[in-house]
Amino acid sequence: MTSKRSDRGTLRVNKVRNGMTIHYPLASISGQVTSVDKNDQINSIAVIRDEILFKWTVSDGTFKCLVPLKIGRNSVAFETKNSFPLTLDIDLIYRPHKENERFIRILYVVCRDQWGGIFERGCFQSLPDQDNSMKLAQQKISLAILMLQTFMGETTPSHYSFRTETGQNGMPKVHVFTIEKTQNELWSLSQQDLWKLVAENVLASKLANQNCKFLAFCSFSRYVCDRFVNSEISSDEIKKMTKGYVALGGGGLALLSSACFYSWPATIDQIESCFTNTRSIDRSLLMDDSGGSGTFGGCYSNTLGALAHEIGHIFDLGHSKFGIMSSAYRDIEKFFLASKDFVLDGGTKWWSRSASLLLTNHKWFNGHQDSLEDAFRLTDTTLRSRYGVMVIEYRESSGLGVRFKEYFLPAKWVKLEIHPDDCSLIAMDIKGNIFRRDVTNSIPSMYARPQHVIPMA
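Numbering of residues starts from 1 in every chain and runs along the sequence as written. Two thresholds apply to this predicted model, a pLDDT of at least 70 for residue-level local features and 80 or more for giving and counting side-chain atom pairs, whereas whole-chain, interface and lining totals are computed over all residues. With hydrogens and water stripped out, all remaining heavy atoms of the structure feed into the side-chain values.

Draft legend 1. Examining the side chain of Ser221 more closely. As for its position among the elements, Ser221 is in the loop between β12 (212-218) and β13 (222-223). The term polar contact refers here to a pair of N or O atoms within 3.5 Å; inside protein, the definition further demands a hydrogen-donor-capable atom paired with an acceptor-capable atom, and it admits residues adjacent in sequence only when both atoms are side-chain atoms. Polar side-chain contacts of Ser221 include one of 3.3 Å to the backbone oxygen of Cys218. Here Ser257 takes part through its side chain, which lies 3.5 Å from a polar atom of the side chain of Ser221. Here, two residues are considered to be in contact whenever any of their heavy atoms come within 4.5 Å of each other. In this view, Ser221 contacts Gln125, Lys243, Gly244, Ser257, Ser258 and Ala259; residues no more than four positions away in its chain are not counted. Going along the chain from the N terminus, every DSSP run of H or I of four or more residues is numbered as a helix, and every run of E of two or more is numbered as a strand.

The following block contains the structure:
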């Protein structure tokens, strides 16, 4: 915590100290402000980094801001916007976690139209008066990934996050990837088949790399409303009306739709207003994936949370009863907005204990050496580990983790405790090596099957 007091009041930032090192390029900083004069209300705060200014809302004396960092030392200044401003200056050091050669590669997937050109020039669906260009889509995706790097870095115990390729502007790089199919051919596929097709095309391309996983977004997703839609229509019905809809993640690919990009921000200064946007969604024109709120802001929070959920799947997480890997992923807005301490059902903010252990020790987060084929050996129901098992999680058919066992001292051998309702299990050793087992047919699995995002209740 760093604070500055004066005869006018106090400005304090939480969990941040002068000279602190951060391993991801977007710092999340929360704090409190108090003014001695109760009539001198503080409604906003300016955050300045190297003469670049961002303004954030102060709510009940609390603020939360996102500060883009350049590699090396960054001078960050805070200044309240009121009659008698409060100020605070700190230095933050951004040092990427270069030891990890593994990274996320981001794709914006386009397809052909019936004449052989790029379907609608790679544009995403939006209102007629909105910019929906491919370039803007790339900007929106890049910002979303930058935010989720910060989210995972801030909410996991190690405070490391996944790496991405970066462009010349320092933002996550988004490749345009062409599928040689028409939109009608792709619209005819199920979510599973669409995921499989994209995965096969990616693996056969020059972009394939054993050190990367992929996040891909379908530019050709289109919501088509051909009937009267009232407020009682279900989320599942809306998804059926969206051609090319997909939200699946597993193994090395998370694949999602672009149908709600109309609600996403493209720049940091738009983030807060997009989360709090109460504009109603016109269901005759746009897909409503807002989790029941019916607003642009709800749609943004819900779909950003769904993206975080699917990223969790490609990092080998199953479903949980609370947090991001449950149907509460929409609550991700609480991480980015100014609010009092927020706790999800279950007493943990964002991840179950087993999910935290898996992410903390995951090779894509901490840079452990390459996987070893002989890291695990299974004999009957005894799992032997060269380096020592750290955690085992047992999952049911839906992918829900039903129980787990944590080993405070790495276990060289473990007696598996398989119950009748168990469908699969996953174990991780202290080096981040992973063992998976499909209990239903006893065939070891090298790659996890893709999993759907959990619908909102």
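Draft legend 2. Representation of the pattern of salt bridges within the structure. One side-chain nitrogen of Lys or Arg within 4 Å of one carboxyl oxygen of Asp or Glu is enough to make a salt bridge. Applying the stated criterion to the full structure yields 15 salt bridges. In this structure, the salt-bridge partner of Glu180 is Arg112, at a minimum N-O distance of 3.0 Å. One end of the pair, Glu180, is in strand β11 (residues 174-182); the other, Arg112, is in strand β10 (residues 103-112), and 68 residues separate them in sequence. For Asp422, the salt bridge goes to Arg403, with nearest N and O atoms at 2.7 Å. Taken together, the positions of Asp422 in the loop between β19 (401-415) and β20 (424-429) and Arg403 in strand β19 put the pair 19 residues apart, joining distant regions of the chain. Each residue's exposure class comes from its accessible area (1.4 Å probe, protein chains only) as a fraction of the maximum for that residue type: buried when under 20%, exposed when over 50%, partly exposed otherwise. On the accessibility criterion, Asp422 (7% relative accessible area) is buried.

Draft legend 3. Fine view of helix α8 (residues 353-360). Of all 8 residues in α8, 6 are buried, a share of seventy percent or more. Of the residues making up α8, those classed as buried are Ser354, Ala355, Ser356, Leu357, Leu358 and Leu359. Residues of α8 that are buried make contact with α9 (363-366), β18 (382-395), β19 and β20.

Draft legend 4. The arrangement of helix α6 (residues 296-314) in detail. Residue count minus one, scaled by 1.5 Å, sets the expected span of a helix. With 19 residues, α6 extends 27 Å between its outermost C-alpha atoms, agreeing within 8% with the 27 Å of an ideal straight helix rising 1.5 Å per residue. The element α6 is extensively covered by neighbouring structure, given that 19 of its 19 residues are classed as buried.

Draft legend 5. Structural context of the environment of Gln168. Mapped onto the elements of the fold, Gln168 is located in the loop between α1 (134-155) and β11. Remark: the alpha-carbon pair of Gln168 and Val16, spanning 152 residues in sequence, is separated by 28 Å.

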